[in-house]
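Inside the fold
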Amino acid sequence: MEQEKTAAQKLVDRKERLRNLHKLRQEARTHNHQEVIAEDARKKLPNNWEARKRQADWIMADEKAREEAKAEGKDYDRLKLLQISAIDAERIERKQRKKNPDGGFATFEAQTARQYARLVKNMPTRDMKKYEKQRQDLGEAFYGGPNTVLHGLVKDSPDAINNMVKDLEQQIEKRKKYSRRRTYNDDADVDFINERNSKFNKKLERFYGEHTAEIKQNLERGTAI
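Residues numbered from 1 in each chain as written. Predicted model: local features only at pLDDT ≥ 70, side-chain atom pairs only at ≥ 80, totals over all residues. Heavy atoms only, no water.

The name given to the chain in an unreviewed UniProt entry is Pre-mRNA-splicing factor SYF2, with Glossina pallidipes as the source organism. In the Subcellular location (unreviewed entry) part of its UniProt record, the chain is described as follows: "Nucleus". Per UniProt, the comment on the chain under Sequence similarities (unreviewed entry) is "Belongs to the SYF2 family." (UniProt positions renumbered as here; feature names shortened; annotations may be inferred.)

Okay, structure coming up:
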């Protein structure tokens, strides 16, 4: 009788373990399905979405800390400097002292970067209340994406349109007066007879300079065969 009871108890235990395993399998399946959905959603986001989101969160946190310091009557910029190490402070100061002369038109990428920096510099102080409201109204579309359509979701204000028109008119006027400024190194060797020949020599040097360096040195020394 005792053996039959023990065998029945073992059967009950096995059934209980089987139910637990089945429950764990269902939980794992549900969890895996959620991870697949989340991964698919992340793949559909733009490549720089996380960086843009971190930057937006940093701006919000920085503005909040600035307002708290202002409410307490403290200098927020000074508080930030107290948290920066001496090495980082020296690096920031050296970067600010570094000159960035405008060497004229170099490439379309450099020109676009300078124009972007100028436009950002002339932007008015951000309205964080408006920024937060727009972020809540647009939701995920606020950060953009490959399938995001902002047409109809955002309406430009008349002031923003007038500023854009004014900036375009200034660019047109400036382009009329623009004259390319070329920088020359007085200490450099003169191996050209005019500007066109100088540009041609630079192209040759760019494509064949490493292959003809020894020949050029021999010609300059007069030891070429």
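1. Regarding the overall build of the chain
Scanning the chain for helices and strands turns up eight helices and zero strands. When the elements of the chain are put in sequence order from the N terminus, they spell out α-α-α-α-α-α-α-α. In the chain, which comprises 225 residues, the proportion classed as buried is 10%. For the chain, long-range pairs separated by at least 24 residues make up 55% of all intrachain contacts whose partners lie at least 6 apart in sequence. Accessible area for the chain stands at about 21300 Å²; split by element, carbon and sulfur atoms hold 54% of it. (Helix = DSSP H or I, 4+ residues; strand = E, 2+ residues; numbered from the N terminus. Buried < 20%, exposed > 50% of the residue type's maximum accessible area, 1.4 Å probe, protein only. Contact = heavy atoms within 4.5 Å. Areas by Shrake-Rupley, 256 points an atom, 1.4 Å probe, with all protein chains shown as cover.)

2. Quick notes on a nonpolar patch on the surface
Residues Ile-161, Met-164, Val-165 and Leu-168 make up a contiguous nonpolar surface patch of roughly 340 Å² in combined accessible area. With respect to the element layout, Leu-168 can be found in helix α7 (residues 158-177). What makes Leu-168 partly exposed here is its relative accessible area of 42%. (Patch = residues over 30% accessible without salt bridge, like charges linked within 9 Å, V, L, I, M, F, W, Y side chains within 5 Å. Salt bridge = Lys/Arg side-chain N within 4 Å of Asp/Glu carboxyl O.)

3. Considerations on the packing of helix α2 (residues 49-71) against helix α6 (residues 128-138)
The relative placement of two packed helices is expressed as an angle between their axes plus a distance between the axes. Between α2 and α6, the shortest axis-to-axis distance is 12 Å and the interhelical angle comes to 140°. As judged from the angle between their axes, α2 and α6 are oblique. Considering the relative orientation of α2 and α6, their crossing is left-handed. When α2 is examined against α6, the residues Ala-56, Asp-57, Ile-59, Met-60 and Glu-63 are found in contact with a partner set consisting of Met-128, Tyr-131, Glu-132 and Arg-135. (Axes fitted to C-alpha atoms, helices over the stretch in contact; angles between N-to-C directions. Parallel < 35°, antiparallel > 145°, perpendicular 65-115°, else oblique. Left-handed = near helix turned anticlockwise from the far one by under 90°.)

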